[in-house]
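# Structure at a glance
Read off the chains here:
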Amino acid sequence: KQWYQRRVRVIISMEKGGDVLGVFKRLAKGIQAVGDSVQAESGKGFMLDEKYGYVHSCPTNLGTGMRASVHIDLPGWTAQGVDKLKARCEELALQPRGTRGESGGQTGHNYDISNKHRIGYS
């Protein structure tokens, strides 16, 4: 029997506050450690396509393979309407979501804002 995950998250790095660089450095260190371990055990590295970037099980994340997001309180955008927030995010190549995940909806004025482009961006 084979089981395929919809997504594979090798490492998640998060913390409260605004230290985005610190979170990213910790993430990069964790990814390097996983890569080194895989290489040591199997003699193989992560799959990297010259055109599309890193290859893994979730095709929407080809390229960087990374979705970086911020949970943020946006009462002004909530007052203007979600459609206006989505339009502004589109202009900035961002993707708004509710804080309950991809299809879980929004809680109050809080949104999960992430990079929209992942395919082919390395």
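Here goes a summary of the coordinates provided. Just so we're clear, the structure is a prediction, and the values are computed from it rather than from any experiment. (Residues numbered from 1 in each chain as written. Predicted model: local features only at pLDDT ≥ 70, side-chain atom pairs only at ≥ 80, totals over all residues. Heavy atoms only, no water.)

For Pro 96, the location among the structural elements is in strand S4 (residues 94-98). Remark: the alpha-carbon pair of Pro 96 and Val 70, spanning 26 residues in sequence, is separated by 9.8 Å. (Helix = DSSP H or I, 4+ residues; strand = E, 2+ residues; numbered from the N terminus.)

Strand order across the open sheet formed by 3 strands is S3-S5-S4, with antiparallel pairing between neighbours. Only two strands of the sheet have a single partner each, and these edge strands are strand S3 (69-73) and S4. Each neighbouring strand pair of the sheet contributes to a mean axis angle of 30 degrees, computed without reference to strand direction. Two strands pair when backbone bridges link them, and S3 and strand S5 (residues 110-115) are joined in this way by 5 bridges, in the antiparallel orientation. Looking at the pairing, Ile 72 lines up with Tyr 111 of S5. Packed onto the sheet, helix H3 (residues 82-91) meets S4 and S5 and runs at close to 150 degrees relative to S4. (Pairing = 2+ DSSP bridges. Axes fitted to C-alpha atoms, helices over the stretch in contact; angles between N-to-C directions. Contact = heavy atoms within 4.5 Å.)

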